[in-house]
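Tertiary structure, described
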Amino acid sequence: LTSELHKFSHLPILAAGDFNVPIDPYLDRSSTCRPAKIKSREVLQTLLQDLALVDVWRIHHPTDRQYTFYSPPHSTYSRIDYFFVSSTIVPLVSSSCIHPIHVSDH
């Protein structure tokens, strides 16, 4: 994936969707338990860094805690859905929000 995206690194990139992992284990999870070290989080963080992509919602809401997923077995909320954009186009994004969860696909 990284090599394919690097082909477009001269263009602004917007990558959105369910990445199935909280990027910031402290702000993006409701659990107070110590977060586990998750390989997929490390891979995603490396990809974001390599492609100069940022979590635009987190830029607009640096300390907010809002969630996009509820796990009934764990009784926890997490934010696992993201809009990542090239850092060069962040000034073009005027706002971002998370709407309440009514139905989850998980």
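The structure contained in this document is the topic of the report that follows. (Residues numbered from 1 in each chain as written. Predicted model: local features only at pLDDT ≥ 70, side-chain atom pairs only at ≥ 80, totals over all residues. Heavy atoms only, no water.)

**A closer look at unusual backbone geometry**
The cut-off we apply is this: Where helices and strands are cited, they refer to DSSP runs of H or I of at least four residues and of E of at least two residues respectively, numbered from the N terminus.
Notably, Asn 20 is not glycine yet its phi reads approximately 60°, a positive angle. Secondary-structure assignment places Asn 20 in the loop between strand S1 (14-18) and helix H2 (39-50). At Ala 52, a residue that is not glycine, the phi angle is positive and equals roughly 55°. By secondary structure assignment, the location of Ala 52 is in the loop between H2 and strand S2 (53-55).

**Here we look at the nonpolar core**
Note the following rule: Remark: nonpolar core denotes a set of buried residues (Ala, Val, Leu, Ile, Met, Phe, Trp, Tyr, Cys) joined through side-chain atoms within 4.5 Å. Only protein chains enter the accessibility calculation, which uses a 1.4 Å probe; a residue is then buried when its area is under 20% of its type maximum, exposed when over 50%, and partly exposed in between. The contact criterion used is simple: two residues touch if any of their non-hydrogen atoms lie within 4.5 Å.
Counting residues in each nonpolar core, the largest one holds 10 residues, listed as Ile 13, Val 21, Ile 23, Leu 44, Leu 47, Leu 48, Leu 51, Leu 53, Tyr 82 and Phe 84. Listed by contribution, the elements that provide at least two residues to this core are H2 and strand S5 (81-86). Here this core takes 3 residues from H2, the largest share from any one element. In this structure, Val 21 is in contact with Ile 38, Ser 40, Arg 41, Leu 44, Arg 79, Ile 80 and Tyr 82, ignoring residues within four places of it in sequence.

**Quick look at the environment of Ser 96**
Quick note on the threshold: In the analysis that follows, any N or O atom pair within 3.5 Å is treated as a polar contact, provided that within protein one partner can donate a hydrogen and the other can accept it, and provided that, for residues neighboring in sequence, both atoms belong to side chains.
Relative to the assigned elements, Ser 96 resides in the segment after S5. Each C-alpha atom, one on Ser 96 and one on His 60, is 6.9 Å from the other, the two residues being 36 residues apart in sequence. Not counting the four nearest positions on each side in its chain, Ser 96 is found in contact with Val 56, Trp 57, His 60 and His 61. At a separation of 3.0 Å, a polar atom in the side chain of Ser 96 contacts the side chain of His 60.

**Things to note about the layout of surface pockets**
Definition in use: Grid spacing is 1 Å over the protein atoms alone, the probe is 1.4 Å, and a cavity is where that probe fits but cannot get out, while a pocket is an open set with protein on both sides within 12 Å along at least five of seven lines and lining residues have an atom within 4 Å of a point. Grid points are joined across faces, edges and corners, and a volume is the space filled by probe spheres set on the points.
In this structure, the second largest pocket spans a volume of roughly 250 Å³. Lining the second largest pocket are 13 residues, with Arg 29, Ser 31, His 74, Thr 76 and Ser 78 sitting closest to its centre. Breaking the lining of the second largest pocket down by element, the ones donating at least two residues are strand S3 (69-71) and strand S4 (76-78). Per-element tally for the lining of the second largest pocket: the top contributor is S4, with 3 residues.

**Digging into the environment of Val 56**
Within the element layout of this structure, Val 56 appears in helix H3 (residues 56-60). For the pair Val 56 and Ser 78, spaced 22 residues apart in sequence, the C-alpha to C-alpha distance is 17 Å.

**Thoughts on the packing of aromatic side chains**
Condition: Any two of the Phe, Tyr and Trp rings considered here, Trp counted by its six-membered ring, make a pair once their centres fall within 6.5 Å; the pair's planes then place it as stacked at under 30 degrees, edge-to-face at over 60, or tilted in between.
This model, assessed by the stated rule, comprises 5 aromatic pairs. Geometrically, the ring pair formed by Phe 19 and Phe 84 is edge-to-face, given 4.9 Å between the ring centres and 70° between the ring planes. Linking Phe 19 in the loop between S1 and H2 with Phe 84 in strand S5, this pair joins segments that are 65 residues apart in sequence. Classification of Phe 19 by relative accessible area gives partly exposed; the value is 29%. Classification of Phe 84 as buried rests on a relative accessible area of 1%. Taking the centre distance of 4.6 Å and the plane angle of 45° together, the rings of Tyr 70 and Tyr 77 count as tilted. Accessibility expressed as a relative area gives 32% for Tyr 70, which makes it partly exposed. For Tyr 77, a relative accessible area of 38% puts it in the partly exposed group. Every member of this aromatic cluster is reached through a ring pair, and the members are Phe 19, Tyr 82 and Phe 84.

Worth remembering: the numbers are spatial, not functional.
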